[in-house]
Amino acid sequence: MPKLPALLLSVVLATALAAPAGAAEQRWTGPIPESAQSRIFSPVVLAGTAEDAALKAAGYVQEEYLLSGEANIYGENPDGSLSVRSSRNAYTTRLVIVRPRDPRKFNGIVQMGFNHPSLASVQWGRIDNLILSSGSAYALLAIGGDAGTRERSSAQWPVTTPRLFPWYDPQRYAAFRWGEDDGIRWDVMGQAASLLRDPGKTGPLAGLKVRRVYFSGWSFLGSTIRSWINFGFHDRYRRADGSPVVDGYLIGISAGSVPAGHTPLNSTDPVKDRTRDLLRTIDRPVIELTSEMEAITNVHPQRPESDAVSGGHRIYELGGTSHGDSGLSGQVRAASVQLQARRHPAVEPLVACTVEDTDVPMRDVAQAALANLDRWVETGQAPPRALRLQVAADGKDFVRDAFGNPLGGVRVAQLDLPLVRYGEPAPELCGGKVPRRNLRRLPVEPALLARAYPGGAADYMTKFRARQAQLVRQGWLRQADADAQTRLAARNAARAFPQGRGSKPATATGKTPAGADWAAEVPARWNGTLLLWGRGYSPKRAAPDAAPSVWKQALLEQGYALAGSNYGAEGWALAEAVPAQRATIDAFAKVYGQPRRTIAWGQSMGGLVSTALAEHPKPKIAGAIAMCPSIGGALGMMNMALDGAFAFRTLAAPDAGLELVGIADDMANGRKAQAAVGEALKTPEGRARLALAGVLGGIPGWTRREMARPADTDYEAQLEEIAAAFVMGVFLPRQDQERRAGGVFSWNTGVDYAAQLQRSGRRAMVEALYRRAGLSLDADLARLAAAPRIAARPAAVDYMRRHYTPNGHPLVPVISLQTIGDGATSPSLQQAYLDAAPPRMAQGLWLDAAGHCGISKEAAITALRQLERRIDEGRWPNPPAGTIHHQPAPMLRPCLRGGKCE
C-alpha cells in the first residue's frame, strides 16, 4: 500500500471511531414558538435591547430549535489515540439560529458559536456586525458544562449551563437532556455542524444552500475548539465527498500554554497536561486571537504560521485589551439579564467606573479575521501577519511605549496613536472595586499628549484617519467598523484636547434678574460642556451648589464646567426653579462664553426641575439627567402618597390624630405618623394594614441602603422596609406645597382601592400578611370604599399641574436614574414617565441599591456618559455597566399635564 499523506491518513483512521451501527438519527424540533409566558432562555439577542433593534433593522429573525440524537463519550489510549468509552448516549440540546428573514438574502455562510458552560453566556457581541451586514447565519449551540460549574451548582441555583435550561423554564425545556459527562459535546458539535452544513428538508436552515460553516469561540469555548482540533474531531467529521464539515476556526482569548487552554476529553479521566501540545495541523486554516491577559501566559512554542489553506495558521495578539474586553461598552449579556431578573446569586454585575472601558477594538479585529478566514478558504488569499506582543526580559510584563501601552501585536490605531494608557483601574476609580478582566482608558499627562500631537485634535484625527485607511486596506478592519471607530475617536480627541477656560476665572457667582443666587466652577481644561445642577427639596434657602461636593472633583478633572442656582426660593420652588436655572445658563455664558452643550441634572425635586427644563418649549439644554426624581410629577406623586396615608389612618390609626391634607405643621404631623407606624408594627393586624397602605402608597419592599434586599417571598422583611420609609414616602412634605398651591391639591374621590391593589402586582404579599393576622382583606377594602373621601380645590390642582406635572414629551433626551429601593420617590414614578415618553427620548437606568438618592459618583458619571452618547449618536445605547434591568410596580395614580389623571 502506498504511503498516504498525513492529513488523509488521519481521515482514514478516524473512520474507525464512527458512530456505532443502529445509532439514532439526529432529529430537529422547532422552531419553538415564543409567548409572553415562554421566552427563549439565553437567546442570541434579548428583546428590547439595542442588539434586538439592530437584528430587526437588518431583516433578521431569531428562532430556537431542539436537537436530539445519540453521542459517544471517548477515552484516550496510551498512544494518544481515541477509543469509544460509552456509546449511544441520548441527548437533547438547544440551538438558536439567527438568519435573514428573506432566504434570498442568505449568503450561504454559517458562523457557529456555543453557550459558555457557566451561566449559559453568549458571545454574539464578538461577531454581531459581521453577521448582520453580510447575510450570514449564526448558530448558537449548547454543548454542556464543565467540572467547576457543576461543583458550584445547586438545585436551587444551578450554574452549569445544561442544568439552567430546565431550571429556567421547566415546560419549554422539558425535553432538554444532557448527562453528567460533558464528553458527549464532541459528537454533539459535529452532528449539529453536519446538519447545518447539509441541511436537507428539516431544521433551522431547511431548503437553504449552505456553502461553508465556521466555528468561533472565546475563553473556554476557544479552548474547546483547540481541543476539538487536537483530539481529531475536525478530521473525523466529513461530508459525503470527504471535505470537512467545518471550513475554518477562530480561537479567541485562549492560550494553549496554560491548562485552561484545553478542554478535557470527558468528565471522568484525570486531566492531562497538554500545555506543550502544538495545535494540530488540519486541512483548513485556524486563526488564534488573544488579549494581553492570555498573550503573557502563552510562553511555550506555538505552531508555525502558514499561508496555505490546508494547514493555514495565524496567531494575533492585541494589546490594550483583557479577557473580557470587546472594545465596545454596553453590550447586553442576555442570559445574565434573565438570570439577574430571577435574582440568581452567581450573576456578577458589571462594575461602574469613572474611567471608560477600553476602546481597543477586539470585536472589530475578530470580525475582520473571520471575514479574512472566509476569503482564505474561498480564494486562497491569506490574511495579514502580525508580530507577537513584545514581552519584557523578566517575562512578567510587556515592553511598553511612553503611554504605558504594549509594543508589538496587532497595531490598531488606538495603540499606534494612543490618547490614554490602557490598564486596570485603581479601586478608587470604581467605587472600591476592581473590574474583573477588563481594562479601562486611564488618563495621561496633558504634556505627553501635546508632545505626541502638537497640532491638537485636528492633528490627531488626520493621523488616525490615515492609519484607519491603512488598516482597512491591509485587512485588519472592515470599513464599517473602521468608520464607527473613527467617530468615537473624534469624540475622544475632543476631550483629550479641550477648548479650555482661557484667562477666565476658575469660579464665578452672581444673581439672576429675579434675584436667585448662582455659582459656577470651570476647570482650566474645560471640555466645553456645562452641567447645570438642580438641588432637591429644601425647607430653607441656601447658597447655590454647582454640584454635590462628593462628585465635584471628579467632574472637574474630567473637564466639565459646573453651575447651579438656589432657585431664589425654598421649599417646593418649581415656579421659581425653572426660570432661575434658565437664567443661570445665560449668566454663565456671559462670563465664559456659550458652552458647546449644556446638560441639566439634579436629584429628587431637582430631577423634576431638570425634566421641566427638558420639556420647555424652547429648551436651552441638550439633555437632562433626573436622579431619584419626583418625575411622576406633583399631582400623581402626591395623590399616590395620599392613598397610602388615607389607608393607614382609616385602617391602622384612626385615633392617632393624623392630618392627611390641610396640614398645619408637617413635622408635628410626621412625628404622630411615625409613632403610629411604630404601634402598628407591634401587632400582626397593624403590620398587615401597614403593608396594604404601603402598597397603595407605592413604597417598594426594599428601602434601606444598609439592609440586604429581601427575598421576593419574604413578606415580613419587605414590610419592615416599607415601614422604614413610610412616613417620608406618604406624609412628608405637604404643608409647603398646599401653601403655594392655595389649598388642597390631592384627591381620592372615585378611587377603587380593591382595583388599585390588584393593579399593583403585590396583592400576594398583602394577602399573606392578612392571613397571618386572621383579618379579612375584603372587609378592610370595603371599609376603605365606605370611608369619606378627600376632594381637591381646582385652582390648587391647576397650580401643581403647572409647577410641575410633566407632559411626558421631552424635547431633548432625558435619562432617569434611580435605585430600585427608593422609599421617598417611588420607582413607580420613574416607570410611569418612561411609559409615557417616546422611547427615543427617555431612558430609565436602575441601580441595584436602596435608599433615597443613594447614587454613587461612579453611577452618576456613567449616566452622564450614557446621555452624551445618546446626544452624539442619536440613539440610546444599552444600559451601561453598574445598572440592572428592572420592572417596578406600576404607578397607581399616574397623572400627566395635558392628559388624564387617574
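None of the values given here were measured: they were computed from a predicted structure.

Things to note about the overall build of the protein chain
Secondary structure summary: the protein chain contains 29 helices and 19 strands in total. Taken over the C-alpha trace, the protein chain has a radius of gyration of 31 Å; the compact-globule value for 902 residues is 29 Å, and the two agree within 12%. Its C-alpha atoms give the protein chain principal-axis dimensions of roughly 105 × 75 × 50 Å. Within the protein chain, counting contacts between residues at least 6 apart in sequence, those at least 24 apart form 78% of the total. Counting only carbon and sulfur atoms, one obtains 53% of the accessible surface of the protein chain, whose full area is about 34900 Å². On the protein chain, the mean spot of the 104 positive side-chain charges and the mean spot of the 86 negative ones are 4 Å from each other.

Description of the nonpolar core
The biggest cluster of nonpolar side chains holds 117 residues, and the ones touching the most others in it are W124, F215 and W228. The leading source of residues in this core is helix 11 (residues 362-379), at eight residues. Setting aside its immediate chain neighbours within four residues, W124 contacts V44, V45, E51, L55, V98, I131, L132 and Y138. Judged by nonpolar contacts, the second largest core, of 47 residues, contains A645, F726, V744 and I790.

Examining the state of the cysteines
Within the structure shown, the criterion is met by three disulfides. Paired by a disulfide, C353 and C430 hold their sulfur atoms 2.1 Å apart. Taking the sign of the torsion about the S-S bond as the criterion, the disulfide between C353 and C430, at about 105 degrees, is right-handed. Taken together, the residues C353 in the loop between helix 10 (334-341) and helix 11 and C430 in the loop between strand 10 (421-423) and strand 11 (440-442) connect sequence positions 77 residues apart.

Notes on the pattern of salt bridges
One pass over the structure, following the stated rule, counts 66 salt bridges. Here R99 and E63 are joined by a salt bridge, their closest N and O atoms 3.2 Å apart. Taken as a pair, R99 in strand 3 (residues 82-100) and E63 in strand 2 (residues 60-76) lie far apart in primary sequence, 36 residues in all. Under the relative-accessibility criterion, E63 is labelled buried at 17%. For R400, the salt bridge identified is with D397, shortest N-O distance 2.9 Å. The class of D397 is partly exposed, set by a relative accessible area of 31%. Sharing partners across several salt bridges, the network here consists of D128, R363, D364, R478 and D481.

Some remarks on the packing of aromatic side chains
Counting across every chain of the model gives 27 aromatic pairs. Ring geometry for F114 versus F215: centroids 5.2 Å apart, planes at 90 degrees, classification edge-to-face. Separated by 101 residues along the polypeptide, F114 in strand 4 (residues 109-114) and F215 in strand 6 (residues 212-218) bring together distant segments of the chain. Note on accessibility: F114 and F215 belong to one class, buried. Here the aromatic rings of Y453 and Y460 are separated by 4.9 Å at their centres, their planes lie at 90 degrees, and the arrangement is edge-to-face. Note on accessibility: Y453 and Y460 belong to one class, buried.

Focus on the sheet that holds strand 7 (residues 248-252)
Ordered by their spatial adjacency, nine strands build an open sheet running 1-2-3-5-4-6-7-8-9, and the pairing between neighbours is mixed. Looking along the sheet, the strands with just one partner apiece sit at the ends: strand 1 (27-29) and strand 9 (313-318). Between one strand and the next, the sheet's axes are offset by a mean angle of 20 degrees, whatever the strand orientation. Sheet topology places strand 1 next to strand 2; three bridges connect them, and they run antiparallel. Bridge pairing in strand 2 places W28 opposite L67. Relative to strand 6, helix 7 (residues 220-230) is tilted by about 130 degrees, and along the sheet it contacts strand 4, strand 6, strand 7 and strand 8 (286-291). Packed onto the sheet, helix 11 meets strand 4, strand 6, strand 7, strand 8 and strand 9 and runs at close to 150 degrees relative to strand 6.

Re the pairing of strand 9
With six of six residues buried, strand 9 is to be regarded as a mostly interior element. Of the two faces of strand 9, the one carrying H313, I315 and E317 and the one carrying R314, Y316 and L318 are both buried. Here strand 8 runs beside strand 9; their pairing, made up of six bridges, is parallel. Bridging from a neighbouring strand, V286 pairs with H313 of strand 9.

Points about the side chain of N438
One can find N438 in the loop between strand 10 and strand 11. At a separation of 3.3 Å, a polar atom in the side chain of N438 contacts the main-chain carbonyl oxygen of G324. Polar side-chain contacts of N438 include one of 2.9 Å to the side chain of D325. Discounting residues that sit within four places of it in the chain, N438 has contacts with S322, G324, D325 and P425.

A word on the environment of A508
With respect to the secondary-structure elements, A508 resides in strand 12 (residues 507-511). What makes A508 buried here is its relative accessible area of 11%. Along the backbone, A508 and G657 are 149 residues apart, and their C-alpha atoms lie at a distance of 49 Å. In this structure, A508 is in contact with W518, A519, A520, V591 and Y592, ignoring residues within four places of it in sequence.

Considering the packing of helix 25 (residues 763-773) against helix 26 (residues 777-786)
To describe two helices that pack against each other, one gives the angle between their axes and the distance between the axes. Look at helix 25 against helix 26: their axes get within 10 Å of each other, and the N-to-C directions meet at 110 degrees. One way to sum up the angle between helix 25 and helix 26 is to call them roughly perpendicular. Contacts from R763, V766, E767 and Y770 of helix 25 reach helix 26 at L777, D778, D780 and L781. Along the lines of polarity and charge, the residues of the contact of helix 25 with helix 26 split into four nonpolar, no polar and four charged.

Remarks on unusual backbone geometry
Backbone torsion omega between G30 and P31 reads 5 degrees, so that peptide bond is classified as cis. The topology assignment puts P31 in the loop between strand 1 and helix 2 (50-57). Cis rather than trans, the peptide bond between L732 and P733 has omega equal to -20 degrees. Residues other than glycine seldom take positive phi values, yet L119 does so here, at roughly 60 degrees. Summarising the element assignment, L119 is placed in the loop between strand 4 and helix 3 (128-134). Despite not being glycine, R343 shows a phi value in the positive range, around 60 degrees. Take R343: it is sitting in the loop between helix 10 and helix 11.

Thoughts on the environment of R411
As for its position among the elements, R411 is in the loop between helix 11 and helix 12 (413-416). Remark: the alpha-carbon pair of R411 and L387, spanning 24 residues in sequence, is separated by 9.1 Å. If we ignore the near neighbours within four places in the chain, the residues touching R411 are P406, D416, R467 and L471. Only 3.1 Å separates the side chain of R411 from the backbone oxygen of P406, close enough to count as a polar contact. Among the polar contacts made by the side chain of R411, one reaches the main-chain carbonyl oxygen of G408 at a distance of 2.9 Å.

Digging into the pairing of strand 18 (residues 814-821)
Burial analysis of strand 18 places eight of its eight residues in the buried class, which makes it a mostly covered element. The sheet contact formed by strand 17 (residues 623-627) and strand 18 spans four bridges and is parallel. Its bridge partner being in strand 18, A624 is matched across the sheet by V814. Looking at chain direction, strand 18 and strand 19 (residues 842-850) are connected through seven bridges and run parallel. Within strand 19, the position partnered with S816 by the bridge is G844. A crossover links strand 18 with its parallel partner strand 19, the connecting element being helix 28 (residues 827-836), and its sense is right-handed.

Considerations on the layout of surface pockets
Within this model, the second largest pocket holds a volume of roughly 850 Å³. Counting residues per element, the ones that place at least two in the lining of the second largest pocket are strand 11, helix 13 (446-452), helix 15 (479-496), helix 16 (549-557) and helix 29 (857-873). Tallying contributions element by element places helix 16 first for the lining of the second largest pocket, with four residues. When the residues that make up the lining of the second largest pocket are grouped by side-chain class, the tally is 15 nonpolar, six polar and eight charged.

Analysis parameters
Residues numbered from 1 in each chain as written. Predicted model: local features only at pLDDT ≥ 70, side-chain atom pairs only at ≥ 80, totals over all residues. Heavy atoms only, no water. Helix = DSSP H or I, 4+ residues; strand = E, 2+ residues; numbered from the N terminus. Rg over C-alpha atoms; globule rule 2.2 N^0.38 Å. Contact = heavy atoms within 4.5 Å. Areas by Shrake-Rupley, 256 points an atom, 1.4 Å probe, with all protein chains shown as cover. Lys, Arg positive; Asp, Glu negative; His and termini not counted. Charge placed at Lys NZ, Arg CZ, Asp CG, Glu CD. Core = buried A, V, L, I, M, F, W, Y, C linked by side-chain atoms within 4.5 Å. Buried < 20%, exposed > 50% of the residue type's maximum accessible area, 1.4 Å probe, protein only. Disulfide = S-S within 2.5 Å. Salt bridge = Lys/Arg side-chain N within 4 Å of Asp/Glu carboxyl O. Phe/Tyr/Trp six-rings, centres within 6.5 Å; stacked < 30°, edge-to-face > 60°. Pairing = 2+ DSSP bridges. Axes fitted to C-alpha atoms, helices over the stretch in contact; angles between N-to-C directions. Polar contact = N/O pair within 3.5 Å; in protein donor to acceptor, adjacent residues only side chain to side chain. Parallel < 35°, antiparallel > 145°, perpendicular 65-115°, else oblique. Nonpolar A, V, L, I, M, F, W, Y, C, P; charged D, E, K, R; others polar. Right-handed = clockwise from strand over helix to strand, strands pointing away. 1 Å grid on protein atoms, 1.4 Å probe; cavity = no way out; pocket = protein on both sides within 12 Å on 5 of 7 lines; lining within 4 Å. Points joined across faces, edges and corners; volume = space filled by probe spheres on them.

Honestly, it's all geometry; don't read function into it.
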